[in-house]
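Spelled out, the chains give:
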Amino acid sequence: MFHWLEKHPFFFAVAVFVTIAFAGLIEILPNFAQASQPVVGTKPYTTLELAGRHVYIKNSCNACHSQLIRPFKSETDRYGHYSLSGEYAYDRPFLWGSKRTGPDLMRVGNYRTTDWHENHMKDPAAVVPGSIMPAYPWMFKNTADIDTAYAEQVTVNKVFAVPYNAEIPMADGSKTTVALAATLDEAKTSALEEAKVVAADMKDQEVKDAVAAGQIPEIVALIAYLNSLK
Amino acid sequence: MDNRPLEYDYTVAKMFMLTTVLLGIVGMLVGVILAWEMAFPAVNTIAGSGLAEYTNFSRLRPLHTDAVIFGFTFSGIWATWYYVGQRVLKVSMAESKFLMFLGKLHFALYLLVVVAVVGSLLMGITTSKEYAEFEWPIDIAVVVVWVIWGMSIFGLIGIRREKSLYISIWYYIATFLGIAMLYLFNNMEIPTYFASGGIGAWYHSVSMYSGTNDALVQWWYGHNAVAFGFTVPIVAMIYYFLPKESGQAVYSYKLSLLAFWGLMFVYLWAGGHHLIYSTVPDWMQTMGSVFSVVLILPSWGSAINMLLTMKGEWQQVASSPLIKFMILASTFYMFSTLEGPIQAIKSVNALAHFTDWIVGHVHDGVLGWVAFMIMAALFHMAPRVFKREIYSKSLMNTQFWIQTLGVVLYFTSMWIAGITQGMMWRAHDEFGNLAYSFIDTVAVLHPYFTIRAVGGTLYLVGMFLFAYNMYKTMTSSRRVEESELQNASPMGA
């Protein structure tokens, strides 16, 4: 049979394709049939958080920091409760990472503050002596892309039915709602409101001035995202 | 037509040989910069604080991996395809104007993609999925380049004179099909600009998959991009170039059959080993782990077949640096395909995952196996393509030893670093508290990061020797006759 295939390239190619596609079909399809269901307390991202997530991705923070706590005592001691599949229901793309040059960040919002992140991005070694993380001064100058974040919110809401403007159950039994603005202008207004809350805890005068003038520097969006990781 | 032997047309092969050398140097130079940045963070701002955004570790890291995978390795794969394809199918590209046009179009579009990738990654335009960082417009361009290559493969096969497909052709076909399937499914994404009615950045997209599913598809792709980019086409090369250069027939046809079909069937299951102890279902993690161990069989099948091809002719390893490159490559292939399965065993993975040991594993595979084999292939092709002998044998030998030393420094330092890191992360004191803070585990790695940077720098030096040797071969080496080009490549002193 193999000799025959070697003389018939078309059938050879078909045979190869079927052989390599086999494992994918068996491994991947079953999991897709039951798409990730969010666990209680998992919310979609707000416009500002999503813009911050884009800053995180733009600077490949995931190259050095994981967002996946494995079920070992040493990891739960260090980072908090181990990860559950449903907690990633609204993560497009996933940001588990593959290398920990720095610590895991999945629940960093539980133990770091706005102030800490601000200092850390400016001069990591001043906050954590011995840190090999580079500084990110341009995040204090560049403006966050709220438009694209809003476009993504509209997209996931429309295409994947991500529940914006809907009641979401929280762990304490209460309900909460994440709003999706009706227009881009409204999205910008609400993102700026969120940004003011973050900037209030920051020291950098240029950032404060920018927010007061209606601008949102990247660092503000990034910190809003990091604070949301819990 | 008279009875002259076929004149093969190497125009396209030459173009890709050029990008193999250039992008190899670029990719590895970026890698060396990254290695020094990790050892000495001040290197991040080496071009001044104004340019720090573009010389920073986080921006260069995807550029490094993509330049080495899609720049160096794929250029090498295509350079060898446009050489090997004609020769084993006994047909010249010059016989078909259409195939010649496709080949040149393939190269031209590829160059455009390279420019777009470098620009966008430096700007921070990325989807964050490893080795699939490109946004949708580039993804579409990649698919077009790929389809053109496919047309070129099957076009050449269509007009072949040799009826039976040689082993190398099996592997090239598998490379084409495997990557096509993986790339398409992993890059399913929705452009937000169009879905939202024209808001935001036009190039931005959002993944079709979320969370755990996204991770599953990504590592099904990510691991198998290694399979069909770093294993399958490189095996295609060694099956052609080692028998040619050594003058020995492939040891066993049956073993090559077993290894090929075994590899095709088993490899795709192994992606799950990237997700052990994650939130994907447990049975998938187990399948990934078990099949990774089974994968030793087909991998070693090819490697042993190659080593046994040298039976009775081992003196060639001592006398020819070209054979040395290929034999070391096969040896590193065996080494790396044993190391991988060990890391995929659950208890070992618990320690090794997220550490530098994984980085070491990738690099002993890529530097020791992939890059050595590609350089050997280019060395073998050069005299036949340029009709000149290889400029310097002693330079080849020097390059071989410098680069071998570089690889050894690289993987040994990363083994120690990775295992140290893993052990320190999990260490508890006698009261059950964590013994070390995270920064303790960073500080202890400094010497190993420095050794790695030295190893990488040595390898890069070897790349420059390689480029110089190739350049001199092209321009000022002694001309050779067709009769000198049977088996062993002619080399200057």
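Think of each chain on its own: its residues are numbered from 1, step by step along the sequence as written. Each chain gets a letter, beginning with A, and each ligand a number, beginning with 1, in the order they are written. Totals for whole chains, interfaces and linings use every residue, but because this is a predicted model, local features are given only for residues with pLDDT of at least 70 and side-chain atom pairs only at 80 or more, for both listing and counting. To obtain the side-chain values, all non-hydrogen atoms of the structure were included, while hydrogens and water were left out.

**Student:** Quick rundown of the interface of chain A and chain B? Include the residues and the values.
**Tutor:** By definition in these notes, contact holds between two residues if any of their heavy atoms fall within 4.5 Å. The partner chain B presents 92 residues to the 84 residues of chain A that form the contact. Accessible surface is computed with a 1.4 Å probe, and the buried area is the amount of it that two parts give up when combined, taken over both parts together. Carbon and sulfur atoms supply 68% of the area that chain A and chain B bury against each other, a total of about 7600 Å² over both sides. Any carboxyl oxygen of Asp or Glu that lies within 4 Å of a side-chain nitrogen of Lys or Arg is treated as forming a salt bridge with it. Here chain A is connected to chain B by 1 salt bridge. The residue Lys99(A) makes a salt bridge to Asp356(B) at a minimum N-O spacing of 2.9 Å.

**Student:** Kindly report on the nonpolar core, identifying the contributing residues and their values.
**Tutor:** Residue types Ala, Val, Leu, Ile, Met, Phe, Trp, Tyr and Cys, when buried and joined through side-chain atoms within 4.5 Å, form a set referred to as a nonpolar core. Partly exposed describes any residue whose relative accessible area lies between the buried limit of under 20% and the exposed limit of over 50%, with all areas from a 1.4 Å probe on protein chains only and scaled to the type maximum. Formed by 176 residues in total, the largest nonpolar core has its most connected members in Trp78(B), Trp149(B), Tyr171(B), Phe228(B) and Phe241(B). The secondary structure listing takes helices from DSSP runs of H or I that are at least 4 residues long and strands from runs of E that are at least 2 residues long, numbered from the N terminus. Among the elements that make up this core, the one with the highest residue count is helix 8 (residues 211-246) of chain B (20 residues). Residue ranges assigned to each domain were obtained from an automatic or database domain assignment. Both domains that meet at this core, namely domain 1 (2-35) and domain 2 (47-228) of chain A, each give it at least three residues. One finds Phe140(A), Ala149(A), Val198(A) and Ala52(B) within the second-largest nonpolar core, a separate group that totals 39 residues.

**Student:** Residues and numbers for the UniProt feature "domain: Cytochrome c" (unreviewed entry) in chain A, please.
**Tutor:** UniProt positions are given in the numbering used here, feature names are shortened, and annotations may be inferred rather than shown by experiment. Here, the residues flagged by UniProt with the feature "domain: Cytochrome c" (unreviewed entry) are residues 47-155 of chain A. Annotated as 39% helix and 0% strand, the span residues 47-155 of chain A places its first and last C-alpha atoms 12 Å apart.

**Student:** Tell me about the UniProt feature "binding site: heme b 2; high-spin" (unreviewed entry) in chain B, and name the residues and values.
**Tutor:** Residues and elements named next belong to chain B. Per the UniProt record, the feature "binding site: heme b 2; high-spin" (unreviewed entry) sits at His361. Its place among the elements puts His361 in helix 15 (residues 356-386). The exposure class assigned to His361 is buried, which follows from its relative accessible area of 18%. Discounting chain neighbours no more than four positions away, the residues touching His361 are Ser336, Glu339, Gly340 and Gln343.

**Student:** Hey, could you go over the environment of Ser437(B) for me, with residue numbers and the actual values?
**Tutor:** Here Ser437(B) lies in the loop between helix 16 (393-426) and helix 17 (438-443). Exposure remark for Ser437(B): the relative accessible area of 36% places this residue in the partly exposed category.

**Student:** I'd love a proper account of unusual backbone geometry, names of residues and values included.
**Tutor:** A cis amide bond links Arg92(A) with the next residue in sequence, Pro93(A), at an omega value of -5°. On the secondary structure map, Pro93(A) appears in the loop between helix 4 (73-79) and helix 5 (114-122). Despite not being glycine, Phe354(B) shows a phi value in the positive range, around 70°. Counting through the fold element by element, Phe354(B) comes out in the loop between helix 14 (346-352) and helix 15. Residue classification places Phe354(B) among the buried positions, given a relative accessible area of 0%. Phi is positive for Lys387(B), close to 60°, though the residue is something other than glycine.

**Student:** Outline the packing of helix 3 (residues 47-58) of chain A against helix 7 (residues 146-160) of chain A, listing residues and values.
**Tutor:** Residue and element names in this part refer to chain A. Only C-alpha atoms enter the line fits that serve as axes; for helices the fit covers just the stretch in contact. Angles between N-to-C directions range over 0 to 180 degrees. With their axes 8 Å apart at the nearest point, helix 3 and helix 7 run at an angle of 110° to one another. Compared by their axis directions, helix 3 and helix 7 come out roughly perpendicular. The two elements helix 3 and helix 7 cross, and the hand of that crossing is right-handed. For the pair formed by helix 3 and helix 7, the contact residues are Thr47, Leu48, Leu50, Ala51 and His54 on the first element and Ile146, Thr148, Ala149, Tyr150, Glu152 and Gln153 on the second. In terms of residue class, the contact of helix 3 with helix 7 is built from 6 nonpolar, 4 polar and 1 charged. Orientation categories follow fixed angle ranges, with anything under 35 degrees roughly parallel, anything over 145 roughly antiparallel, 65 to 115 roughly perpendicular, and all other angles oblique. Crossing handedness follows the turn of the near helix against the far one: under a right angle anticlockwise gives a left-handed crossing, and clockwise gives a right-handed one. Classification convention: Asp, Glu, Lys, Arg as charged; Ala, Val, Leu, Ile, Met, Phe, Trp, Tyr, Cys, Pro as nonpolar; all other residues, Gly among them, as polar.

**Student:** Help me get a handle on the UniProt feature "binding site: Cu cation" (unreviewed entry) in chain B, residues and values and all.
**Tutor:** Residues and elements named next belong to chain B. Annotation from UniProt places "binding site: Cu cation" (unreviewed entry) at His223, His273 and His274. Spanning 52 residues, the named residues form one tight spatial group whose C-alpha atoms are at most 8.8 Å apart. Relative to the helices and strands, His223 resides in helix 8. His223 sits in the buried class, given a relative accessible area of 10%. When sequence neighbours within four positions are dropped, the list of residues in contact with His223 reads Tyr267, Ala270, Gly271, His273 and His274. Its location among the elements puts His274 in the loop between helix 9 (253-267) and helix 10 (282-294). Overall, the relative accessible area of 22% leaves His274 in the partly exposed class.

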